[in-house]
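Okay, here's what each chain looks like letter by letter:
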Amino acid sequence: MSSNDSSDAAVPADSSVDRRSAVREKAQLVHARQSRARRWRIALLSALAVVVVAAIGAGIAIALVTPSGKPQLTPPNATDSGFRVSDVSARAAIASTASPSPSTDAAAAAASPSPSSSSASNVDIRIYIDYLAPGSKEFQLANAQQLSTWVSQGAATLTYYPVAMLAAKSNGTKYSLRAASAAVCVATQQPDSLFSFTQSLLSQQPSVDSDGLSDQQLASVAVGAGSDDTVSDCIENEKYMAWVKDATDAALKSLPATDGLKLTAAPTILVNGKPYTGALDDPKEFAQFVLTSASEKYYSTPTPTPSPSSTPLD
């Protein structure tokens, strides 16, 4: 009896050990599954976080780089956001658009003082121009004749800086911005036509708070001013609108090569870095300012001191 009782008592003990072992194994399996699931969740959340961050970054980049859905292009020939006038063969346009007034007729222009090519070869004229600003039209039409003469004679350099200060003044069409973009298209693809385009576009300047010209009309003005048809695609697709906006924002903060000047009005005319504050429609006054600036620069430039001769004295 005692031996049978002992064997019967051993069976439950082994079964208990087996159950505990089975429970441990099951617990280990559950823990392993939970660990794998946790790792998958972490990996999935990390991947989603990367996607979200990338999407946000792309959205910010698009918002900054492509306002209004337009690609950000940089004109290859811009210097400090300006374009040097290389050709002023727009005399026919000048003659037909200049207003017959005492300040702009041929006699007044001829009587205006002008810099000579010898004394003013370093005269630098820079014009920040908004094609919707009435002052830009006023200055260009009054001074086009003498500007073209100075440039053609090598007495001065002329650089246009298309800006858009009045983009909100055209019933939502952003004419100021579109016109400046069109000017950049011309300056980039047909630089010899920039002066003529500026003259023609300002001669038919729309009123502030009107819709302004359409992109197709801007392209027509460019072609009429000497550009070929290839510039039309650039203008009608508004390729440089984002660039003009950035250039305008930068000019509002600081104008390059000046003593802390900022763009506050259009046009802003700088002669050798100094702002012209005289009458926009008086070419004689502007010519005198240019002549004075040229003289100041000429006389402020130190004359090189001759070096001692190396020839032995007798």
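Just above sits the structure.
Just so it is clear, the structure is predicted and the values come from calculations on it, not from any experiment.

(A) Representation of the pairing of strand E2 (residues 123-129) within the structure. Most of E2 is tucked away, with 6 of its 7 residues classed as buried. Note that the unit made of E2, helix H4 (residues 134-153) and strand E3 (residues 156-162) has a crossover that is right-handed. Sheet topology note: the E2/strand E4 (residues 268-271) ladder contains 4 bridges and is antiparallel. The residue of E4 that forms the bridge with Tyr128 is Thr268.

(B) Structural context of the nonpolar core. The biggest cluster of nonpolar side chains holds 55 residues, and the ones touching the most others in it are Ile125 and Phe286. Here this core takes 10 residues from helix H5 (residues 175-189), the largest share from any one element. Those residues within four positions of Phe286 in sequence are excluded, and the remaining contacts are Ile125, Phe139, Asn143, Gln146, Leu147, Trp150, Ile269, Val271 and Tyr276. Listed in part, the 7 residues of the second largest apolar core include Tyr128, Tyr161, Ala251 and Leu263.

(C) Local environment of the sheet that holds strand E5 (residues 274-275). If you walk across this open sheet you meet the 5 strands as E1-E3-E2-E4-E5, and the pairing is mixed. In this open sheet, the two strands that pair with only one neighbour each are strand E1 (83-84) and E5. Where E4 meets E5, 2 bridges bridge the pair, whose relative direction is antiparallel. Note on E5: the bridge partner recorded for Leu270 is Pro275.

Conventions used here
Residues numbered from 1 in each chain as written. Predicted model: local features only at pLDDT ≥ 70, side-chain atom pairs only at ≥ 80, totals over all residues. Heavy atoms only, no water. Buried < 20%, exposed > 50% of the residue type's maximum accessible area, 1.4 Å probe, protein only. Helix = DSSP H or I, 4+ residues; strand = E, 2+ residues; numbered from the N terminus. Right-handed = clockwise from strand over helix to strand, strands pointing away. Pairing = 2+ DSSP bridges. Core = buried A, V, L, I, M, F, W, Y, C linked by side-chain atoms within 4.5 Å. Contact = heavy atoms within 4.5 Å.

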